[in-house]
Amino acid sequence: MDLTALEALVRARRDADPDQSYVARLRARGIRRIAQKVGEEAVETAIAAASGDRDGMVGEVADLIFHLAVLLDAHDLSFSQVMDELARREGVSGLDEKAARRS
Ligand SMILES: N=c1c2ncn([C@@H]3O[C@H](COP(=O)(O)OP(=O)(O)OP(=O)(O)O)[C@@H](O)[C@H]3O)c2ncn1[C@@H]1O[C@H](COP(=O)(O)O)[C@@H](O)[C@H]1O
């Protein structure tokens, strides 16, 4: 599974019956609920990382990426836009970028 396939999967399920589909149910509950789930999965990822739970991290990061896909889809955004933003940043040190923000 790559990010493009994940996006297609989410798009295919978003208008399904909420009784039959987690994606459709989450979508029906609205942006705030989707955003809350992203926050929860991010915290669960951080907890797994902080406790050195490498296997747990794989599952939590999967949950996080899945919920990010639902969140992006709900805003008509795509992972390719995120990747374009990362490409734009390529070659600029994070430390230099941070310093430029201060000046
Ligand atoms: N990759 C996923 C995926 N990852 C996580 N989840 C669901 O995300 C939910 C949230 O996980 P939590 O640990 O927070 O569980 P929870 O406390 O029961 O959740 P809430 O009650 O708080 O919503 C669980 O129900 C997981 O099953 C996923 N649900 C679906 N997919 C993919 O989406 C496809 C379509 O799914 P449906 O829309 O359900 O058909 C599936 O075939 C999968 O490929």
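As the structure is a computational prediction, the values presented were derived from the model and not from experiment.

Rules and cut-offs
Within each chain, residue numbers correspond to sequence positions counted from 1 in written order. Only residues with pLDDT of 70 or above have their local features reported here, since the model is predicted, and side-chain atom pairs are shown and tallied only from 80 upward, although totals for entire chains, interfaces and linings are computed over all residues. In this text, helices come from DSSP runs of H or I with a minimum length of four residues, and strands from runs of E with a minimum of two, each type numbered from the N-terminal end. The atom set for the radius of gyration is the C-alpha atoms, and the globule formula is 2.2 Å times the number of residues raised to the power 0.38. With C-beta atoms placed from the backbone, a residue counts as buried when 20 or more other C-beta atoms lie within 10 Å of its own, as exposed when 12 or fewer do, and as partly exposed for counts between those limits. Placing C-beta atoms from the backbone, we regard two residues as in contact once those atoms come within 7 Å. As a rule, the C-alpha atoms of each element are fitted with a line to give its axis, helices using only the stretch in contact, and angles between N-to-C directions run from 0 to 180 degrees. Here the angle decides the label: under 35 degrees means roughly parallel, over 145 means roughly antiparallel, 65 to 115 means roughly perpendicular, and every other value means oblique. Take the far helix as the reference: if the near one is turned anticlockwise from it by less than a right angle, the crossing is left-handed, and if turned clockwise, right-handed. Gly is placed with the polar residues, together with every amino acid not listed as nonpolar (Ala, Val, Leu, Ile, Met, Phe, Trp, Tyr, Cys and Pro) or charged (Asp, Glu, Lys and Arg). A set of buried Ala, Val, Leu, Ile, Met, Phe, Trp, Tyr and Cys residues, joined through C-beta atoms within 7 Å, is what we mean by a nonpolar core. We call a residue near a molecule or strand when its C-beta atom, built from the backbone, sits within 6 Å of it.

## Thoughts on the overall build of the protein chain
Point 1. Looking only at helices and strands, one finds six helices and zero strands in the protein chain.
Point 2. The order of α-helices and β-strands along the protein chain, N terminus first, is α-α-α-α-α-α.
Point 3. Its C-alpha radius of gyration of 16 Å places the protein chain more than 25% over the 13 Å reference for a compact globule of 103 residues.
Point 4. Seen along its three principal axes, the alpha-carbon backbone of the protein chain occupies a region of about 50 × 35 × 25 Å.
Point 5. Among the 103 residues that make up the protein chain, the fraction classed as buried is 14%.
Point 6. Long-range contacts, defined as pairs at least 24 residues apart, comprise 45% of the intrachain contacts of the protein chain with a sequence gap of at least 6.

## Details of the packing of helix α3 (residues 31-50) against helix α4 (residues 54-74)
Point 1. Remark: α3 packs on α4, axes separated minimally by 8 Å, with the N-to-C direction vectors making an angle of 160 degrees. Classified by the interaxial angle, the pair formed by α3 and α4 is roughly antiparallel. Like other packed secondary-structure pairs, α3 and α4 cross with a definite hand, here left-handed. Taking contact as the criterion, the partners of Ile31, Ile34, Ala35, Lys37, Val38, Glu41, Ala42, Glu44, Thr45, Ala48 and Ala49 in α3 are, on α4, Gly56, Met57, Glu60, Val61, Asp63, Leu64, His67, Leu68, Val70, Leu71 and Ala74.
Point 2. Taken together, the residues that form the contact of α3 with α4 break down as 14 nonpolar, three polar and five charged.

## Let's talk about the nonpolar core
Point 1. Counting nine residues, the largest nonpolar core consists of Val10, Val23, Leu26, Ile34, Leu64, Leu68, Ala69, Val70 and Leu72.
Point 2. Top element by residues in this core is α4. It accounts for five residues.

## Some points on the site of the ligand
Point 1. Lining the immediate environment of the ligand, one finds Leu9, Arg13, Ser21, Tyr22, Val23, Ala24, Asp63 and Phe66.
Point 2. Elements that contribute at least two residues to the shell around the ligand include exactly α1 (3-13), α2 (22-29) and α4.
Point 3. It is α2 that contributes the most residues to the shell around the ligand, three residues altogether.

## A word on unusual backbone geometry
Point 1. Positive phi outside glycine occurs at aspartate 76, with the angle close to 55 degrees.
Point 2. The class for aspartate 76 is exposed, based on 7 C-beta atoms found within 10 Å.

## Considerations on helix α5 (residues 79-89)
Point 1. α5 sits mainly on the outside: zero of its 11 residues count as buried.
Point 2. Remark: glycine 91 follows α5 within two positions and exhibits a positive phi of approximately 90 degrees.

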